[in-house]
Structure formats: structure tokens, C-alpha cells
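# Topology and contacts: notes
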Amino acid sequence: MAVNVDSVYQKVLAIANKEQRGYITPLEFNLLANQAQDSIFEQYFYDIKQWNDQQSGNSTEYSDMLTILEEKIAPFKINDAALTGTALFTDDFEADITDWTATNGNGASTHVAPAASNNYNGGLKILQSANSQQHGIEMDTNVALTAGKKYAVSWDIIDISSTAPAYSIYVYRSAVARHVYSTIDPALGSLSFTFIADTTGNHNLEIRNTDSSDSSRYITVGEIKIEEIDDATIGDGGTNTVYRLGEVMWQRSGQAYPTQVPLVNANEITKYNVSPLARPTSSNPVYVRTATNKIQLYPTPSSTDTITHNFIKKPAEVYFGYVLVPQSQGGNEYPLYDAANSVDFELHQSEENTLVYKILELAGIVLNKPGLIQIAAGEEQQLTQEEKV
Amino acid sequence: MGLLDNQTQSTYYSGSEHGTYQFTSLQTVIDQFMLAYVGDDKIIKKVKRPEVAYHAQRGLQELSFDTFKCTKSHEIEVPATLTVTLPQDYVNYVKLVAVDASGIHQVLYPTQYSSDPTAPLQTGAIGNENFIDAAGDGDIDLQTESDTWDAYNNGTVDTLPTDGHDTNTYDELIGGRYGIDPQFAQTNGSFYINDLKGRIHFSSNLGGKTVILKYISDSLGTDAEMQVHKFAEEAMYKYIAHAILATKAEVPEYLVARFKKEAFASKRQAKLRLSNIKLEEITQILRGKSKHIKH
């Protein structure tokens, strides 16, 4: 669970003002908050190394430092993400669903507006309620796919009826379903399926509620997209960029489990290639990091191989959203917290105190108040000592 | 949990791969080595998988040469040229046998008194050699076959041991008249392996006969044969561990020495297990110890 940005801001203001050391504006706070968050986040990796090197940990249920640190990093871990290239089509259903057309009248497809109840994530609600037939909705946009290339369809289910309906996602070309994903046991969360296009040309998607009970069962899709998988681009193809790249995995067609792909330096690959025993094969592949978001696999994967990777994403940028209510409208000219336009800290709840002290320390520099720096630094150091000693 | 859990008995017997349970694939050996020997709290803190794969393949080669059972054999009908090409993955032979009409093996022995040397074309008298370089490229021209091989190829071996005493049949064979050397006291035939040209030469009495070449490879020819008998699995892990520790910098020497001993011991144990000595069989053989005249 994240740390509320307003809670941190109010504490920072309270401590700073208590010491009569000055006021920190929301603009300054936003800058300092991000710096503090980044600093705490980066420190996790060095702490893990330190605890790995020096301590063997303990067997307690909640107090093993390595477990605690892993728990703090857990929200930023993205596992088994495909190596995706360009996003060919994305619809987040935030504004409307006008790019979609119902394929039959056995229910209703409606737009769900962003609201606090859905975490301000709009969606497409597909309801089956009539004629004992399935109800589907098809996108109007055509997406050009090339035969033999790998693609991924990924989507978020943000709401389902208490009795969940089965649903399917079809990739169509010329009114023929070429690739399909079906489930009879839907759940909330992000899902995806990959396929190799068997024809070249324009394709489109249909999301179909395959229930036929007329019992008003529905699913709400938060976002759907089609991406080309190029086996070279790391990240999840969306907003989650790679902060630290973890394991890369290679699963050959027919293989039950993937093989770990180790990182080698570009100069090493030449050495490996000339050795018949160390030369990379699909059983023992390697990769070279070629750019911030690119890797090069050796050997080149076949179209039926599945390459995935784990990575740590960067924490979202914190933002204290506010509105200024003028006195003429009953306000006091002070910034009033606007939850809808704010982004909370993604760090673990236990980091709230550290965040407050770190921001105060930075605020002391901005306000040129050495006393504030000293107090905040002392508090932070004490907290660190309590945690680590 | 069991290793067979994913395969039912009916699937096994109706399938095409039988007897594979005795082996562990090299891939699995590498995966399991990475799991059990490499990590923060392990003997080897960090090693790249390609290096483990390299040492695993080297280990497989080494064990193939002197520990694993010889499983490769090649049945060939000796052509009129009396020459057969070596198998693609040949490393060395275990034995060559001719097969008689009953399918019984008759062991062939390598000839020690002939060979197939490289023979440059030359002009001029002996002692005044002039090698020929017709193309003028600096490389002297060679005869297609050496005179030695031609002579050996054209010779005949009498395969009818009708004489019960030293007469002309064995006169031609070394030691024939004055006490035959036991290694030549057979008429099965002989062979010569020319490693340079990658072929086996047979004596002329073997022309048209079926011979079997039992040979060893290094087990790296194809993915399917990259496997280790379970008796030797531990030897593989210990070999890889020792190879990595011995080539890594700043590894305490006692650790290298420990794994050297362990690798040696596990290899010896694997060899013992794979030598396939069964009590009943060896008892039966030893029963012959009281028989004075053996053949």
C-alpha cells in the first residue's frame, strides 16, 4: 500500500512550521518528494547487497532484513514481461468507447467513466443480458499485422460481476477469427496472450462476453492493446520503463520451463562465438545489453520461442495535486489537496517517516536552515540505526 | 514430486523413447548445477552460464573417453576397395569385429607392420628424389594411394588353416616357422586406421564381409546424445565444480584441492558402477578357474 502524498506533506509542513523555519510550497514539495523517493528507492539495492554480504539473515517471520527489503521492492517488480516493440493499438477507455461497435444486441456495451470507485480508471463494460446469446464488441480500427511476426494482446480486467461470465478475445482478419484467448474463470488483473500472425493484412479485435444466461453478468476492461514483440525491447511497452533489468528467460516451443539467459558483455560474445563449446545455443543462450531499453539475444530466437524478462520499474512520479480556493469562494488561498489529480508515493507504508525526514532535510537546504537539516538528518540516522543494528 | 509423475506407464510403453530414465540430459545437469552450486551462500558465488555449459561439455567429453559405457557401433560391409570412412563422430575405436554367418563376432586386430603413409609423387632415382609440383603452388603433388597401401591391399591372406604344421601357409607370416606370435595366430583379418585421411583399411580377406566398428565419441555430436548416465551424474557435478574453482582467481587452494579429490573419487565411483560387474556373472566366470585347458 502506498504512502499518501497529502499525509507526508502535512507532516512536513507541521514539523517545519513548528520549528518556525518557513513554509514549503507544493511546488517545492513535489520536487523534494521525488528526490527523496528516488534516494530511498535506490538505497534498497545497496542495502540488499550489504545484508547479503554481511549477514546470513534470520528465520523470524517478519523481521528478516532481506525479506523486509524484498517486500519493499515487491510493488516495483514486473515479472514475465514479453520483449515488446511498438504498440500498434491502445485504448485505455478513459474518455469514451466510440472506437468500438457492438457485434450483436444480446446485451449492452457501455463506457464506465473514471471515478474514485475505479481508481480513476475508465473502462469498457460488456454486459450480457438478453436472447440467451453471447454479446461482443469489436474495435473499428484496423491494425496491420505481418505473417510470421509475434504479437501480444494485453488487457486489464478492472471489474467483474459477482458471478463472473466467461469471455474471449478474438483477433480477426476478413471476418475469420485467426487467434483467440478464452477463459471461463475470469479474474481481476492484467492479462495477455501472444500469437504469431498467420496472415499479413489488417486485423481487428473483438472482446466477447461468452455468457448466455441473461443474468446480467459483465466484465469491465480497463485497457487493451496490441503490440509487436521484437525480442529486443525491454520494459512492458507501456508506462513501466526498466529501472533495473532482472532475469531474461527463453522458452523454446514445447519446452516445459524457460531457460535463464545470462548477460554477457559485447566483447565477450566474440570470445564465446569462436569456442565450439561455449558458443550460445537456444539451450544455452546469452544476451548483450545494447541500449537503455534494448537487448540483443544470441542466437536469434525463432518465431515460436517465447522470451520474457523480469525488471524493476521506476516508482511513479509523486505529485501533490491541489486547488486554490479564493477567499471570495470561502477558501483561505492555501493549496487544498486534490486527490483526483495527485499521485501517491509508491513506496512501502513503513517508509513514511523516512520520507518525512528526508524531505525535511532537503527542505532545510532550500530554506537555508541548517538547524532543520541537522534535526532531520539526526532523526533519519536514528531511524536507520534502529533498523540496521 | 517423483521424476516420473508427468508420464504415465501407458504413455511410456506406447511412446517411442524407451530406457531414457537411466540418463539425465546435459541441460538438466547444467540447470541443476546452477541451482545447487552457484549462489550467494554457495561454494561458487557467481559464474556465467556459458562457462558452466563449457565445463559441462568438457566433463562429458572426459567421461565419455574412459568412464561411460561404449554405446556406439557401426555395422559396415567392407567394399571392394577395402576402405571404409570413419563415422562422423568417431574419436577412437573400442574394437573391430567381423561377423560370421552365425552372427558371431570374430575380433580383428590392427596391423602393426603396415601403414598408409603420405606418398609424394617423385621422379629420379632413389637417393635423388625430385618431388613434383605441377601446379607450381609450392605444394608437392601426392600419390592417390601410397605404394605401401597398394601392396597391402593387393596381398592375400590364406584363410584356410588346413596345415597342422609350419609349412608354406604360415611361412609368409612373421614368426610362422619358428614359433608363431600369438597375436598373429588367427586368420580373422586385420585393419589399419588412417587418422589423417579418416578411413579404415581392411585386409583383403575381409572384402564383402560385414564388420562392426565399436567406437567411442565425445557425446557432443547431437543434442540427443548429450546426456549423462545417472551413475555418473555426481561425477559431472564434481567435475564442473572443480573445473570452475580451479580456473577462477582468488579461490583458496584448499577448496580447489578438496574438489579435485571429490571429482577424482566420484569419477572412480562412476566408473565402478558403470563397469557393470554382477555377482552371478563373475561367479560363473570364476568357476572356470579350475579348468586346466582353456581356449
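Here the residue numbers are simple positions, counted from 1 along each chain's written sequence. Going through the entries in the order they are written, you letter the chains from A and number the ligands from 1. pLDDT decides what is reported in this predicted model: residues at 70 or higher carry local features, side-chain atom pairs at 80 or more are listed and counted, and totals for whole chains, interfaces and linings draw on all residues regardless. Values shown for side chains rest on all heavy atoms present in the structure; no hydrogens or waters enter the calculation.

### What to know about the sheet that holds strand β2 (residues 72-77) of chain B
Strand pairing in a sheet relies on backbone hydrogen bonds. The paired strands run either parallel or antiparallel. All names here are of chain B. Two strands qualify as a pair provided DSSP detects at least 2 bridges between them. Secondary structure elements follow DSSP: runs of H or I no shorter than four residues count as helices, runs of E no shorter than two count as strands, and numbering proceeds from the N terminus. Ordered by their spatial adjacency, 7 strands build an open sheet running β2-β10-β4-β5-β8-β9-β3, and the pairing between neighbours is mixed. Each edge of the sheet is formed by a strand with only one pairing partner; in this case those strands are β2 and β3 (83-85). Recorded for the sheet is a direction-independent mean angle of 30° between the axes of neighbouring strands. Here strand β8 (residues 190-194) runs beside strand β9 (residues 199-202); their pairing, made up of 4 bridges, is antiparallel. Note that in β9 the partner of F191 across the bridge is F202. Whether two residues are in contact is decided by their heavy atoms, any of which lying within 4.5 Å being enough. Note on geometry: axes are C-alpha line fits, over the in-contact stretch for helices, and angles between N-to-C directions span 0 to 180 degrees. Set on the sheet, helix α4 (residues 147-154) makes contact with β3, β8 and β9; between it and β9 the angle comes to about 45°.

### Side note on the pairing of strand β9 (residues 167-173) of chain A
All names here are of chain A. Here β9 lies mainly inside the structure; 6 of its 7 residues are buried. Sheet topology places β9 next to strand β10 (residues 176-183); 7 bridges connect them, and they run antiparallel. Along β10, the bridge assignment pairs Y172 with A177. Between β9 and β10, which follow one another and run antiparallel, lie 2 residues, and S174 among them has a positive phi close to 50°. With a 1.4 Å probe rolled over the protein chains alone, any residue whose accessible area is under 20% of its type maximum counts as buried; one over 50% counts as exposed, and the rest are partly exposed.

### What to know about the interface of chain B and chain A
Contact with chain B, which involves 14 residues of that partner, is made by 14 residues of chain A. Put simply, buried area is the surface a 1.4 Å probe can reach on two separate parts but cannot reach once they are joined, added for both. Between chain B and chain A, roughly 1200 Å² of surface is buried when both sides are summed, and carbon and sulfur atoms account for 52% of that area. Ranking the residues of chain B by area buried against chain A places K48(B), R49(B) and P50(B) at the top, with a combined share of 46%. We count a salt bridge whenever a side-chain nitrogen from Lys or Arg sits within 4 Å of a carboxyl oxygen from Asp or Glu. Our count for the contact surface shared by chain B and chain A stands at 1 salt bridge. A salt bridge links K48(B) to E268(A); the nearest nitrogen and oxygen atoms lie 2.8 Å apart. Whenever two N or O atoms come within 3.5 Å, that pair is a polar contact, provided that in protein one can donate a hydrogen and the other can accept it, and provided that, for residues adjacent in sequence, both atoms are side-chain atoms. In this assembly, chain B and chain A are joined by 6 residue pairs in polar contact (both at pLDDT 80 or more). Of all the secondary-structure elements, those providing two or more residues to the side of chain B that touches chain A are α2 (26-37) and α3 (49-66) of chain B. If one sorts the elements of the side of chain B that touches chain A by residue count, α3(B) sits on top with 8 residues. Polarity classes work like this: nonpolar for Ala, Val, Leu, Ile, Met, Phe, Trp, Tyr, Cys and Pro, charged for Asp, Glu, Lys and Arg, and polar for all others, with Gly in that last group. When the residues that make up the side of chain B that touches chain A are grouped by side-chain class, the tally is 6 nonpolar, 3 polar and 5 charged.

### What about the confidence of the model for chain B?
Residue and element names in this part refer to chain B. The pLDDT score gives, residue by residue, the confidence of the prediction method on a 0 to 100 scale. Chain-level pLDDT for chain B is 85 on average; 87% of the residues reach the 70-or-more range. For chain B, per-element mean pLDDT is lowest for helix α5 (residues 168-171), which scores 50, and highest for helix α6 (residues 233-247), which scores 96. Predicted confidence for residues 162-167 stays below pLDDT 50, and this span has 7 contacts to residues more than four positions away or in other chains. This prediction of the complex comes with two scores: 0.74 for pTM and 0.72 for ipTM.

### Remarks on helix α3 (residues 65-73) of chain A
Buried residues of α3(A): M65(A), L66(A), L69(A), K72(A) and I73(A), and no others. The buried side chains of α3(A) occupy one side of the element, clustering within an arc of 120° when seen end-on. Arc definition: directions from the helix axis to the C-beta atoms.

### Some words on the pattern of salt bridges
Two side chains of opposite charge can pair, provided their charged atoms sit close to one another. Tallied over the full model, the rule gives 24 salt bridges over all chains. In this structure, R178(A) engages D198(A) in a salt bridge whose closest nitrogen and oxygen atoms are separated by 4.0 Å. With R178(A) in strand β10 and D198(A) in the loop between β11 (189-196) and β12 (201-209), this residue pair connects regions lying 20 residues apart in the sequence. What makes R178(A) partly exposed here is its relative accessible area of 30%. A relative accessible area of 43% places D198(A) in the partly exposed class. The partner of R208(A) in a salt bridge is E206(A), with the nearest N and O atoms 3.2 Å apart. Neither residue differs from the other here; R208(A) and E206(A) are each classed as buried. If you follow the salt bridges from partner to partner, you end up with D116(B), E145(B), K197(B) and R199(B) in one network.

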